[in-house]
Structure formats: structure tokens, C-alpha cells
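Residue-level listing of the chains:
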Amino acid sequence: MIDLRSDTLTKPTAGMRAAMAAAEVGDEQFREDPTTNALQSRMAEILGHEAALLLPTATMANQIALRLLTHPGGLLIAEERTHVIVFEFGGPAVHAGLMTQPLSAEAGRPSIEAIRTAAEGSESRRDASVLVLENTHRSSGGRVWPVDELAAAVDAARDLGIAVHLDGARLFNASVAAGVAPSAWGALADTVTVCFSKGLGCPLGAVLAGSRELIDRAWEEKFRFGGALRQSGVLAAAMLYAVDHHVERLAEDHARARRLAEGLANAGLPVDVDATETNFVAIDLAPLGLSYDDAEARVEREGVQLGFLRPGVMRAVTHIDVSDDDVDRAVDRIPAALGIRSGVGV
Ligand SMILES: *Cc1c(COP(=O)(O)O)cnc(C)c1O
């Protein structure tokens, strides 16, 4: 089976496991875990902030950020298929008491007009509200925000008196694809999340970065969420290993995704090669006249698993455990499975 459902499927490599086994550890709740402390300093610098905090998941990091930056009754403004809106089970309402204003946007990047209209059209207090931006943007197919465009969105939020959280779960993918340091985007926002259990290949882990004052408050929230840990150096060692060994190699995942997109498009599938900027390939089912369940079953019969991108669109995701050979075989099998005979162009 060629499993292209998600980059969360990565398993720790031998090198990562060795780093975990050798980790120096202490009690994190006493702030005595040296490897966790080292990871946090390293990530603060990489993300362009004063401080950073290790958390078990990026979902917890996002939810804590929303609590830090807002007050109940405030407004969460974000593109309509942003992770915080679609995949966090109502967390913004439950944990932060926020109302949600979803915006439709091209490539997951809301326009300045849309942001202004949302904020100005609401009775919510601006100082209780937040704009959440996602880079790369998952549901548009791993699209990258150009730095100047994200900066303009942040400026608009600042003018409106709204805080900004950057969900950079895959910020390292954006960084490698654009050839830009993560801090170029990270420093613009009040808080930034990075997830380590996606393309970076860790078994779990995330980081939230921000000012010293915000991260001190995040430390309390981490306890409240039940996310305070003990000998977390075992995890932090995997994360430091990923920063050293698994960032530059994301370029290989991106090249494989691109090759897969080209192969599928050449075979006649509705795949936008130019929109394949990082490690996701989006396959639009509407032109094929297939339901999601039908398409899923058809590719599985041919030995390929694809994942959910957004309604009506499947994704193929490359990561450290997907080889060139897997891509070649997927290029052969997916078009046949979805009813396209190979060699027939659009
Ligand atoms: C996966 C993901 C998250 C959540 O990460 P977890 O560590 O699984 O909680 C948040 N935001 C985006 C954009 C993601 O893709």
C-alpha cells in the first residue's frame, strides 16, 4: 500500500530515536529539563520572538494562543477552512468564548478588504478579537503566504486593533519552499504555532512562540490544559533532531509532490501543478464526477491511500517515508483507479 493520506504518518527515524534515547532530562514542571529549555530557546530565535514553549500538540498551542490574545465575546476572523475553525472541535468558542467570522479567500489568504469588512461590521470589541492566519494553508493544498502579503494582512489587523496569531503548523515547509527564514513571517504575529508531528517527523510535539510576557501566561495555560510535562527532554530531543536534520530535506518532499502533480496532470487528472507549492497535491473530484467515498475506495483497490483535503477534494501528501518509487507507482495507479486511461490528456 502506498499511503499518501497525511504527513502525520511519519515514524521517527533511527537517528531521531537515538537522540531521544540519549536525551538529558529533568522535571519540566520545575523548568529543570535541560533539553526542553534548549529547544525553547532555539525555537524562540528561529521564530523571531523572545520566548517559546513546548506543548504536546499544535491544537493546544493554537487554543492557548487564542486565550492569551482575546477575551470572551471577541471575534475570531480567519479563512473559512482554517484549522482552528474546521478541525479544533469548536475550541475557540469553548476555550476562549469567541464568535467566529469565517472569510472565503483564494489560496487561504484573506484580502485586506475582507479582514476590514469583518472587523468593522462586528459589534465585538476589537481589543478582544484576533485574526488567525495559516502558513502553509492546509485546506488550500499547502499554499504559501508571500511574506509581504502576510505583512499587509498583519498591518491591517494592527490598524483595526486586532491581535494576530499565525498557525505555522507547517511554517518550515513554507520557509523551505520560499527560501525565507521562518522568522520573516513569525516575527510579524503576536504568537506563532509550529507543529513537529507533520513533515518534521516527530511522534508528537509543538511550539508556541511570542513575547516573554505572553509565553509566561502561556505557561499557566499549559498547566490548565493538562499539557505540563515531566521528563519532556525525550520529546524535545526528537524536536531538536528534526530542526537539525529534517528541515532542509523538506525540499525533497516538495519536489516529489511536484513530480506527482505533474504526472497526474499529464495523465489527465484535474490537478493544478502550479498550486503544488509544498508537500500536498490536490485532486479535484467534481470534474471526475466521483464522490469522496467512491474515489477513496477506487484508489485503495489499486493499492493507494489518499486523504481528505476539503469537501470534494482529495489530497496526496509526501513526507519522509514516501520514496521516489512510491511516487512513480502512484502516478501509474491513481489515474487508472479514477477512471482515466494513461496517456490520455485533458
Ligand atoms: C495538524 C495541524 C494542526 C494541529 O496539529 P496537532 O499537533 O495535530 O494538534 C494545526 N494547524 C494546522 C494548519 C495543521 O495542519
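Residues numbered from 1 in each chain as written. Predicted model: local features only at pLDDT ≥ 70, side-chain atom pairs only at ≥ 80, totals over all residues. Heavy atoms only, no water.

### Topic: the site of the ligand
Then, in step 1: All residues in the neighbourhood of the ligand are listed as Thr-57, Ala-58, Thr-59, Asn-62, His-83, Glu-134, Asp-167, Ala-169, Arg-170, Cys-195, Ser-197 and Lys-198.
Then, in step 2: Ala-58 places a main-chain nitrogen or oxygen 2.8 Å from an oxygen atom of the ligand.
Then, in step 3: About the coverage of the ligand: the protein hides 87% of its 380 Å² of free accessible area.
Then, in step 4: Sorting elements by how many residues they give to the shell around the ligand places helix 3 (residues 58-69) first, with 3 residues. (Near = heavy atom within 4 Å. Polar contact = N/O pair within 3.5 Å; in protein donor to acceptor, adjacent residues only side chain to side chain. Areas by Shrake-Rupley, 256 points an atom, 1.4 Å probe, with all protein chains shown as cover. Helix = DSSP H or I, 4+ residues; strand = E, 2+ residues; numbered from the N terminus.)

### So, the pattern of salt bridges
Then, in step 1: All chains considered together, the criterion is met by 22 salt bridges.
Then, in step 2: In this structure, the salt-bridge partner of Arg-249 is Asp-253, at a minimum N-O distance of 2.6 Å.
Then, in step 3: Here Arg-329 makes a salt bridge to Asp-326, at a shortest N to O gap of 2.9 Å. Taken together, the residues span about one helical turn, with Arg-329 and Asp-326 both in helix 14 (residues 324-337) at a distance of 3 residues.
Then, in step 4: Each of the salt bridges in this network shares a partner with another, and the network as a whole consists of Glu-252, Arg-256, Arg-259, Asp-324 and Asp-328. (Salt bridge = Lys/Arg side-chain N within 4 Å of Asp/Glu carboxyl O.)

### Brief notes about the nonpolar core
The nonpolar side chains of soluble globular proteins are, as a tendency, buried together.
Then, in step 1: If you look at the biggest cluster of nonpolar residues, it comprises 49 residues, and the most contacted ones within it are Met-43, Leu-47, Leu-133, Phe-172 and Phe-196.
Then, in step 2: Considering every element that reaches this core, the biggest residue donor is helix 11 (residues 233-245), with 8 residues.
Then, in step 3: Each residue touching Met-43, except ones within four places of it in the same chain, is listed here: Ala-52, Phe-172, Val-194, Phe-196, Val-207 and Val-243.
Then, in step 4: If you look at the next biggest cluster of nonpolar residues, it comprises 27 residues, including Leu-264, Met-314, Val-322 and Leu-338. (Core = buried A, V, L, I, M, F, W, Y, C linked by side-chain atoms within 4.5 Å. Buried < 20%, exposed > 50% of the residue type's maximum accessible area, 1.4 Å probe, protein only. Contact = heavy atoms within 4.5 Å.)

### Details of the sheet that holds strand 2 (residues 51-55)
Then, in step 1: Spatial ordering of the open sheet is given by 2-8-7-6-5-3-4, a layout of 7 strands whose pairing is mixed. Each of the sheet's edge strands pairs with one partner strand only, and the pair in question is strand 2 and strand 4 (99-103). Pairwise comparison of adjacent strand axes, ignoring direction, gives a mean angle of 20° for this sheet.
Then, in step 2: Where strand 3 (residues 75-79) lies against strand 4, 5 bridges are found, and the strand directions are parallel. Each residue of the ladder has a partner; that of Glu-79, found in strand 4, is Leu-103. (Pairing = 2+ DSSP bridges. Axes fitted to C-alpha atoms, helices over the stretch in contact; angles between N-to-C directions.)

### Side note on the packing of aromatic side chains
Then, in step 1: Counted according to the given criterion, the structure contains 2 aromatic pairs.
Then, in step 2: Ring centres 5.2 Å apart and planes at 75° place the aromatic pair Trp-219 and Phe-223 in the edge-to-face group. Here Trp-219 pairs with Phe-223, and both are found in helix 10 (residues 212-224), just 4 residues apart, close to one helical turn.
Then, in step 3: Relative accessible area serves as the criterion here: at 37%, Phe-223 is assigned to the partly exposed category.
Then, in step 4: Centre to centre, the rings of Tyr-292 and Phe-308 are 5.8 Å apart; their planes meet at 70°, and the pair counts as edge-to-face. With Tyr-292 in helix 13 (residues 292-301) and Phe-308 in strand 11 (residues 307-310), this residue pair connects regions lying 16 residues apart in the sequence.
Then, in step 5: For the cation-ring pair, Arg-31 lies above Trp-219, with the distance from its terminal atom to the ring centre recorded as 3.9 Å. (Phe/Tyr/Trp six-rings, centres within 6.5 Å; stacked < 30°, edge-to-face > 60°. Lys NZ or Arg CZ within 6 Å of the ring centre and 35° of its normal.)

### Comments concerning the layout of surface pockets
Then, in step 1: There is about 350 Å³ of room inside the largest pocket.
Then, in step 2: Around the largest pocket, the lining is made up of 22 residues, and of these Ser-140, Arg-143, Ala-275, Ala-282 and Arg-310 lie nearest the centre.
Then, in step 3: When residues of the lining of the largest pocket are assigned to their parent elements, the largest contribution, 4 residues, is made by strand 9 (residues 280-284).
Then, in step 4: A per-class count over the lining of the largest pocket returns 9 nonpolar, 6 polar and 7 charged. (1 Å grid on protein atoms, 1.4 Å probe; cavity = no way out; pocket = protein on both sides within 12 Å on 5 of 7 lines; lining within 4 Å. Points joined across faces, edges and corners; volume = space filled by probe spheres on them. Nonpolar A, V, L, I, M, F, W, Y, C, P; charged D, E, K, R; others polar.)

### Some remarks on the sheet that holds strand 11
Then, in step 1: With respect to topology, 3 strands assemble into an open sheet ordered 9-12-11, the strand pairing being antiparallel. Unpaired on one side and paired on the other, strand 9 and strand 11 mark the two borders of the sheet. Strand-to-strand, the axes of this sheet are offset by a mean angle of 40°, without reference to chain direction.
Then, in step 2: In this structure, strand 11 lies alongside strand 12 (residues 313-317), joined through 3 bridges in antiparallel fashion. Within the sheet, the bridge partner assigned to Phe-308 lies in strand 12 and is Met-314.

### As for the side chain of Glu-79
Then, in step 1: The topology assignment puts Glu-79 in strand 3.
Then, in step 2: Buried and unpaired, Glu-79 has Arg-81 as its nearest opposite-charge partner, separated by 6.7 Å.
Then, in step 3: Engagement of the side chain of Glu-79 in a polar contact is seen with the side chain of His-137, the distance being 2.8 Å.
Then, in step 4: Residues contacting Glu-79, with those up to four places away along its chain left out, are Ile-85, Leu-103, Ala-105, Gly-108, Pro-110 and His-137. (Lys, Arg positive; Asp, Glu negative; His and termini not counted.)

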